[in-house]
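Observations on the three-dimensional arrangement
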Amino acid sequence: MNAAANYLRYRLGERRPVAAMVLGSGLGLLVEAMEDTLRVPFAEIPGFPVSAVTGHAGEVVAGRLGGRDILVLSGRVHYYEAGDAAVMRPVIAAIADLGIDRLLLTNSAGSVRQDMPPGSVMMIEDHIAFSGLNPLIGEASEGRFVGMTTAYDAALRTRLAEAAETVGETLFGGVYMWFSGPSFETPAEIRMARTLGADAVGMSTVPETILARFFGLRVVAASVITNYGAGMTGAELSHGETKDMAPRGGARLAHILGAMLEHGGFDD
Ligand code: HPA
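Residues numbered from 1 in each chain as written. Predicted model: local features only at pLDDT ≥ 70, side-chain atom pairs only at ≥ 80, totals over all residues. Heavy atoms only, no water.

**Points about the overall build of the protein chain**
Per the secondary structure count, the protein chain includes eight helices and nine strands. Against the globule reference of 18 Å for 268 residues, the protein chain gives a C-alpha radius of gyration of 17 Å, in line with a compact fold. A buried classification covers 53% of the 268 residues belonging to the protein chain. Nonlocal contacts in the protein chain, meaning residues at least 24 apart in sequence, comprise 82% of its contacts between residues at least 6 apart. Summed over its atoms, the accessible surface of the protein chain is roughly 10900 Å², and 50% of this surface lies on carbon and sulfur atoms. Once the 21 positive and 30 negative side-chain charges of the protein chain are each reduced to a mean point, those two points are 2 Å apart. (Helix = DSSP H or I, 4+ residues; strand = E, 2+ residues; numbered from the N terminus. Rg over C-alpha atoms; globule rule 2.2 N^0.38 Å. Buried < 20%, exposed > 50% of the residue type's maximum accessible area, 1.4 Å probe, protein only. Contact = heavy atoms within 4.5 Å. Areas by Shrake-Rupley, 256 points an atom, 1.4 Å probe, with all protein chains shown as cover. Lys, Arg positive; Asp, Glu negative; His and termini not counted. Charge placed at Lys NZ, Arg CZ, Asp CG, Glu CD.)

This is the structure we're talking about:
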């Protein structure tokens, strides 16, 4: 077991989370809904990266949601902060080492579809690694040739969709395209994204999905839509808008996830 997993195992005691969740900016309200929480700052965990993006807390929160034990990672570090696509590798490796085999990834994203407005939640069905980067570059083992045909787990996707239906929340489905950031896209890039089959664009998640599949985790992912892509409205994009808008879709997503946990969506 690596040092980070060892430390977390000791801090978690008897807790046995059924899933780990990486929260994007503005999704902190999911943590507020958790009970019986234990908080461990990333800075205390050997090898964990520390983010400086405003709006990210940087802590592991263990607790209960929908009557199930979960492990939330709040405050992911992005490629554009680190210049390293594998910056989240210690985190994903620790989850796998702890024996947690299901990972939910969340993010905020821009919509490239007129019919998917800000405030929507989109389940990621597939992705396009448009940045051209890969977190497994330099990995020496044969395991680096990870199949990505079923990167987003079919059974977990079905359960997420069922949970949304149960609570009467609209859940879009679509393709997430990864841009490196930190600048937003241009209007031409958004038109390109649409032409190439993307439904949403963002600056995270894809490298984590690749790492998670490398470590054998089952992945389910969702985007909270905070804005239309560049050029789709008259307005300029800003990080302030992302932070202001994320709680709207975030409340929807928290509602859906609570139902998924409660109905055993992460149990097997
Ligand atoms: N582009 C990229 N990342 C984002 C966006 C966007 O429009 N909105 C929130 N994250």
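**Comments concerning empty space enclosed by the protein**
Tallied over the full model, the rule gives one cavity of 30 Å³ or more. Contributing to the lining of the largest cavity are 14 residues, with Val 77, His 78, Tyr 79, Pro 207 and Glu 208 lying nearest its centre. Partitioning the lining of the largest cavity into residue classes produces eight nonpolar, three polar and three charged. (1 Å grid on protein atoms, 1.4 Å probe; cavity = no way out; pocket = protein on both sides within 12 Å on 5 of 7 lines; lining within 4 Å. Points joined across faces, edges and corners; volume = space filled by probe spheres on them. Nonpolar A, V, L, I, M, F, W, Y, C, P; charged D, E, K, R; others polar.)

**Some thoughts on the site of the ligand**
Around the ligand, the structure places Ser 108, Ala 109, Gly 110, Phe 184, Glu 185, Val 201, Gly 202, Met 203, Thr 226, Asn 227, Leu 237 and Thr 242. Here a nitrogen atom of the ligand and a side-chain polar atom of Thr 226 are 3.5 Å apart. The side chain of Asn 227 places a nitrogen or oxygen atom 2.7 Å from a nitrogen atom of the ligand. Relative to its unbound accessible surface of 260 Å², the ligand loses 96% to contact with the protein. With respect to the detected pockets, the ligand is housed in the largest pocket. Taken together, the elements giving at least two residues each to the shell around the ligand come down to strand S5 (102-111), strand S8 (200-202) and strand S9 (218-228). No other element matches the three residues that S5 contributes to the shell around the ligand. Considering only residue class, the shell around the ligand consists of five nonpolar, six polar and one charged. (Near = heavy atom within 4 Å. Polar contact = N/O pair within 3.5 Å; in protein donor to acceptor, adjacent residues only side chain to side chain. Sits in = over half its atoms within 2 Å of the grid points.)

**Here we look at the packing of aromatic side chains**
By the definition in use, this model includes five aromatic pairs. Look at Tyr 7 and Tyr 10: their rings are 6.2 Å apart centre to centre, the planes differ by 50°, and that puts the pair in the tilted class. One end of the pair, Tyr 7, and the other, Tyr 10, are both in helix H1 (residues 3-12), three residues apart, so they sit about a helical turn from each other. Tyr 7 gets classed as partly exposed once you look at its relative accessible area, which sits at 21%. The exposure class assigned to Tyr 10 is exposed, which follows from its relative accessible area of 63%. (Phe/Tyr/Trp six-rings, centres within 6.5 Å; stacked < 30°, edge-to-face > 60°.)

**Quick notes on the layout of surface pockets**
When its volume is computed, the largest pocket comes out at roughly 340 Å³. Of all the secondary-structure elements, those providing two or more residues to the lining of the largest pocket are S5, S8, S9 and helix H8 (239-262). Ranked by residues supplied to the lining of the largest pocket, first place goes to S5 with four residues. Split into classes, the residues belonging to the lining of the largest pocket amount to nine nonpolar, 14 polar and two charged.

**Side note on H8**
Side chains that are three or four residues apart share a direction in an α-helix, a result of its 3.6 residues per turn. For H8, with 24 residues, the first-to-last C-alpha span of 33 Å sits near the 34 Å given by 1.5 Å per residue. Along H8, the largest kink reaches about 35° and is centred on Ala 246; proline Pro 247 follows within four residues of it. After H8 finishes, the residue Gly 264 shows a positive phi value of roughly 75°. (Expected span 1.5 Å × (residues − 1). Bend = angle between axes of the 7 residues up to and from the residue.)

**A word on the pattern of salt bridges**
In the structure shown here, the tally under the stated rule is 12 salt bridges. Arg 15 is the salt-bridge partner of Asp 36, the closest N and O atoms lying 3.8 Å from each other. Remark: Arg 15 occurs in the loop between H1 and strand S1 (19-23) and Asp 36 occurs in strand S2 (residues 35-41); sequence separation between them is 21 residues. Exposure remark for Asp 36: the relative accessible area of 53% places this residue in the exposed category. The residue Arg 68 makes a salt bridge to Asp 267 at a minimum N-O spacing of 2.8 Å. Here the residue Arg 68 occupies a position in strand S4 (residues 68-74), and Asp 267 occupies one in the segment after H8, the gap between them amounting to 199 residues. (Salt bridge = Lys/Arg side-chain N within 4 Å of Asp/Glu carboxyl O.)

**Structural notes on the environment of Arg 213**
With respect to the secondary-structure elements, Arg 213 resides in helix H7 (residues 206-214). Classification of Arg 213 by relative accessible area gives partly exposed; the value is 24%. Leave out the neighbours within four places in its chain, and Arg 213 touches Val 146, Met 148, Thr 150, Ala 151, Arg 218 and Val 219.

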